[in-house]
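For reference, the chains in residue letters:
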Amino acid sequence: MMRLIGKWIVFGSTILVAWSCARTPATTVARTTTGSYNEYSEDLSAARPVYTPPTAKTAPSAPVPLPPGRVVDAPKRTGQVVPAEALHVNKRLDAILDTIAVQNRRVRYAPGYRVQVYVGNERAAADAAKLQLYQLFPELSAYMSYQQPTYRLKVGDFMKKMDAERYFTKLKAAFTSAQLQPDKVDVRRGLLIK
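Note that residues are indexed from 1 along each chain, following the sequence as it is written. Local features are withheld for residues below a pLDDT of 70 in this predicted model, meaning they are given only at 70 or higher, and side-chain atom pairs are given and counted only at 80 or more; totals for whole chains, interfaces and linings count all residues. To get the side-chain values, all heavy atoms of the structure are used, and hydrogens and water are removed first.

Q: Describe in detail helix α5 (residues 161-174), supporting the description with residues and values.
A: The numbering of helices and of strands both runs from the N terminus, where a helix is a DSSP run of H or I of at least 4 residues and a strand a run of E of at least 2. Multiplying 1.5 Å by the helix residue count minus one yields the expected span of that helix. The end-to-end C-alpha separation of α5 is 20 Å, in line with the 20 Å expected for 14 residues at 1.5 Å each. The sharpest bend along α5 comes to roughly 25°, located at F168. Along α5, the positions that sit buried rather than exposed are D163, A164, Y167 and L171. Check the buried side of α5 and you find it contacts β1 (109-120), α4 (123-136), β3 (150-158) and β4 (179-186). To get the bend at a residue, fit one axis to the 7 residues ending there and another to the 7 starting there, then take the angle between the axes. Each residue is assigned to one of three classes by its accessible area relative to the maximum for its type, calculated with a 1.4 Å probe on protein chains only: buried under 20%, partly exposed between the two thresholds, exposed over 50%. We call two residues in contact whenever any of their non-hydrogen atoms come within 4.5 Å of each other.

Written out as structure tokens, the structure is:
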């Protein structure tokens, strides 16, 4: 008897699964995209809150009472001096910022840009270009390097390419062979360039 009931349960569940998986006739909905996407509109005025502007006729309302145990800070006066202890948010944060500042002071060179104004084999021509450079742009530092047999004269410690390009146009007018090149620059001198 139990075996017969088990068979009926299996048979019934199989029929139920088959019936639920049976294909239903498909109903097709024709969608047209002839209308523009921008034609959609919906009235949301019922969902928006309505605010009434305050008028001069209305009297100011009474202050809202605070829950018991709540203290209101007095408004600060502008001329009041704030103690130095109140300015420190967190002493650990100050210590971390100090160590970062010390590490940043140790950084001497950073990637930046220089303008190469002379490349050649003659030392006298390189010195003449350096002298002319100091006369035209006294705020820029000149760097001469020699790698046998070539002298190279580079100028500037530009941290930003925008600053280098601004000087590059002026230098290109005085030195026709000027080229803008990425280079390691002195950070302290780079910060002095305006």
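Q: Give a detailed account of a nonpolar patch on the surface, specifying residues and quantitative values.
A: Patch rule: a residue counts if its relative accessible area is over 30% and it has no salt bridge; like charges are joined within 9 Å, and nonpolar side chains (Val, Leu, Ile, Met, Phe, Trp, Tyr) within 5 Å. Values of accessible area rely on a 1.4 Å probe in the Shrake-Rupley scheme; residue burial ignores everything except the protein chains shown. In the sections that follow, a salt bridge refers to a side-chain nitrogen of Lys or Arg positioned within 4 Å of a carboxyl oxygen of Asp or Glu. Together, L4, W8, F11 and I15 give the surface a local cluster of nonpolar side chains, amounting to about 460 Å² of exposed area. Mapped onto the elements, L4 comes out in helix α1 (residues 2-21).

Q: If you had to explain the pattern of salt bridges to someone new, which residues and values would you point to?
A: The tally for this structure, following the rule as stated, stands at 6 salt bridges. A salt bridge links D183 to R114, with the nearest nitrogen and oxygen atoms 3.6 Å apart. With D183 in strand β4 and R114 in strand β1, the pair connects residues that are 69 residues apart, well separated along the chain. Residue class for D183 comes out partly exposed when judged on its relative accessible area of 24%. In this structure R114 comes out as buried when scored by relative accessible area, which is 9%. When the shortest N-O distance is used, the salt bridge between D127 and R123 registers 3.4 Å. You can see D127 and its partner R123 sitting in helix α4, 4 residues apart, about one turn around the helix. For D127, a relative accessible area of 34% gives the class partly exposed. Here R123 falls in the partly exposed class, since its relative accessible area comes to 47%. Here the residues in one salt-bridge network are R114, K154, D157 and D183, joined through shared partners.

Q: Give me the lowdown on unusual backbone geometry, citing residues and values where you can.
A: Cis rather than trans, the peptide bond between Q148 and P149 has omega equal to 5°. As for its position among the elements, P149 is in the loop between β2 (142-147) and β3.

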